Amino acid sequence: MSAHADYGGDAAALESPRIDAKKKDIAEASKRLAKLTGRIGFLGLALRDGETFEDVKQPWDEIRKEARLCPTVAQYRDVLGRVSQRLHCGFLEEGWNRERFAGEVKGCQELAGLVALTKRLDSAIIWIKLTLVQELLDITDRLPTSQVVSTDKDFWFLKLPLELQNGEKPQDVATVLKEIDLQLKPDSHIVSEGWEGSVRKGWRVRCGKCDNWEVIKDLAKEFEEKAVIWSLAAKEMKKDALKAAAAAEERAKAEQTR
């Protein structure tokens, strides 16, 4: 079988004669690559030894910028290669061969072929899963520290994101979603009255039985729409920020007087 046989209608583009890409063609191709990278948040990236999610944010933003402004085929190839190497394998279709794809990118000299490879990568990403876990992480970012059980930064910025990222099945992600709900303090005034009692209990039961991505997506939407009064949450976030700033100022003053 040809090395490019599984690229379907784009196989011909991969084998096309070498041509000089026009600026307009490169600009159009860059738009496609930029759209791809724009949909991938830092949660879709594999952490290397010793890295945290904070460590990968700035480098990923730089890759996104480069993707929007690729002036040459060589730079496009370089960016596409780095993007494919950075993705977490849990968000790629079963059987995806990272090294094989990297080799194809490295050996491709034509823009048309690189565009075909970009399409192939796009189609290999499990977007419903990646989009879902990114949305769940966004929800946690909107929960005030004062209104949740754990105030441990490692829990919110490393442990929980890793649990979302490493969830192989819908049930794994549903378990994390239920964990997010359990983090809301029982006496928190940002929790909607309509969420308490049988509604919440029934929702948790459905989380425990979730077996596909569409169902967990609906459960996440239900939580976002019914569990939290987000206007109150936003006010508490501002209060927390002011308290944190005041505490930091006090610590700075204390250091100066030593």
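Residues numbered from 1 in each chain as written. Predicted model: local features only at pLDDT ≥ 70, side-chain atom pairs only at ≥ 80, totals over all residues. Heavy atoms only, no water.

*Asks:* So what exactly am I meant to see when it comes to the overall build of the chain here?
*Replies:* Counting its regular elements, the chain contains 12 helices and 0 strands. Reading the secondary structure of the chain in the N-to-C direction produces α-α-α-α-α-α-α-α-α-α-α-α. If one aligns the C-alpha atoms of the chain with their principal axes, the spans along those axes are about 65 × 55 × 35 Å. Within the chain, the proportion of its 258 residues that are buried is 41%. The long-range fraction of contacts in the chain, counting pairs at least 24 apart against all pairs at least 6 apart in sequence, stands at 76%. (Helix = DSSP H or I, 4+ residues; strand = E, 2+ residues; numbered from the N terminus. Buried < 20%, exposed > 50% of the residue type's maximum accessible area, 1.4 Å probe, protein only. Contact = heavy atoms within 4.5 Å.)

*Asks:* Would you take a moment to explain helix H6 (residues 111-124) for this structure?
*Replies:* Note on helix geometry: an α-helix contains 3.6 residues per turn, so any two residues three or four positions apart are oriented the same way. Look at H6: 20 Å from first C-alpha to last across 14 residues, which is about the 20 Å you get at 1.5 Å a residue. Taken across its 14 residues, H6 has 10 buried, putting it largely inside the fold. Looking at H6, one finds that the buried residues are Leu-111, Gly-113, Leu-114, Val-115, Ala-116, Leu-117, Thr-118, Arg-120, Leu-121 and Ala-124. (Expected span 1.5 Å × (residues − 1).)

*Asks:* Where do I start with the layout of surface pockets in this structure?
*Replies:* Any empty space left between the atoms is revealed when a probe the size of a water molecule rolls over them. By volume, the largest pocket is sized at about 370 Å³. Listed by contribution, the elements that provide at least two residues to the lining of the largest pocket are helix H7 (127-141), helix H8 (153-166) and helix H12 (230-256). For the lining of the largest pocket, the per-class residue count stands at 7 nonpolar, 3 polar and 4 charged. Approximately 280 Å³ is the volume attributed to the second largest pocket. Mapped onto the lining of the second largest pocket, the elements with two or more residues apiece are helix H3 (53-68), H7 and H8. For the lining of the second largest pocket, the leading source of residues is H7, giving 6 residues. Residues that form the lining of the second largest pocket fall into these classes: 8 nonpolar, 4 polar and 6 charged. (1 Å grid on protein atoms, 1.4 Å probe; cavity = no way out; pocket = protein on both sides within 12 Å on 5 of 7 lines; lining within 4 Å. Points joined across faces, edges and corners; volume = space filled by probe spheres on them. Nonpolar A, V, L, I, M, F, W, Y, C, P; charged D, E, K, R; others polar.)

*Asks:* Teacher, can you tell me more about the packing of helix H5 (residues 98-107) against H6 here?
*Replies:* Helices that pack against each other are described as a pair by the angle of their axes relative to one another and the distance between those axes. Packing of H5 against H6 brings their axes to within 10 Å, and their N-to-C directions diverge by 160°. The pairing of H5 with H6 is recorded here as roughly antiparallel in orientation. Seen along the crossing, H5 lies across H6 with a hand that is left-handed. Seen from H5, the contacting residues are Phe-101, Glu-104 and Val-105; seen from H6, they are Leu-114, Leu-117, Arg-120 and Leu-121. Its residues assigned to classes, the contact of H5 with H6 shows 5 nonpolar, no polar and 2 charged. (Axes fitted to C-alpha atoms, helices over the stretch in contact; angles between N-to-C directions. Parallel < 35°, antiparallel > 145°, perpendicular 65-115°, else oblique. Left-handed = near helix turned anticlockwise from the far one by under 90°.)

*Asks:* Teacher, can you tell me more about the packing of aromatic side chains here?
*Replies:* Tallying each qualifying case throughout the model produces 6 aromatic pairs. Plain terms: the ring middles of Trp-96 and Phe-101 are 4.9 Å apart, the flat faces sit at 45° to each other, and that makes the pair tilted. In terms of burial, Trp-96 and Phe-101 fall into one category: buried. Pairwise contacts between aromatic rings join Trp-195, Trp-203 and Phe-223 into one cluster. Sitting over the ring of Trp-127, Arg-39 keeps its end group 3.8 Å from the ring centre. The cationic tip of Arg-142 hangs over the ring face of Trp-230; the distance from NZ or CZ to the ring centre is 4.0 Å. (Phe/Tyr/Trp six-rings, centres within 6.5 Å; stacked < 30°, edge-to-face > 60°. Lys NZ or Arg CZ within 6 Å of the ring centre and 35° of its normal.)

*Asks:* So what exactly am I meant to see when it comes to the environment of Ser-84 here?
*Replies:* Within the secondary structure, Ser-84 is located in helix H4 (residues 73-86). The sequence separation of Ser-84 and Gln-183 amounts to 99 residues, and the corresponding C-alpha distance is 35 Å. Setting aside residues no more than four positions away along its own chain, Ser-84 makes contact with Arg-98, Phe-101 and Leu-121. Polar contacts involving the side chain of Ser-84 include one to the main-chain carbonyl oxygen of Gly-81, which spans 2.8 Å. (Polar contact = N/O pair within 3.5 Å; in protein donor to acceptor, adjacent residues only side chain to side chain.)

*Asks:* Help me out: how do you make sense of H5 in this one?
*Replies:* Of all the positions in H5, only Phe-101, Ala-102, Glu-104 and Val-105 are classed as buried. Summarising the axial view, the buried residues of H5 lie within an arc of 160°, below the 170-degree limit, and thus occupy one face. Exposed side of H5, more than 90 degrees from the buried face: Glu-99, Lys-106 and Gly-107 are the residues found there. Lining the buried residues of H5 we find H4 and H6. Residue Asn-97 occupies the N-cap position of H5, its side-chain oxygen lying 3.2 Å from the main-chain nitrogen of Glu-99. (Arc of directions from axis to C-beta.)

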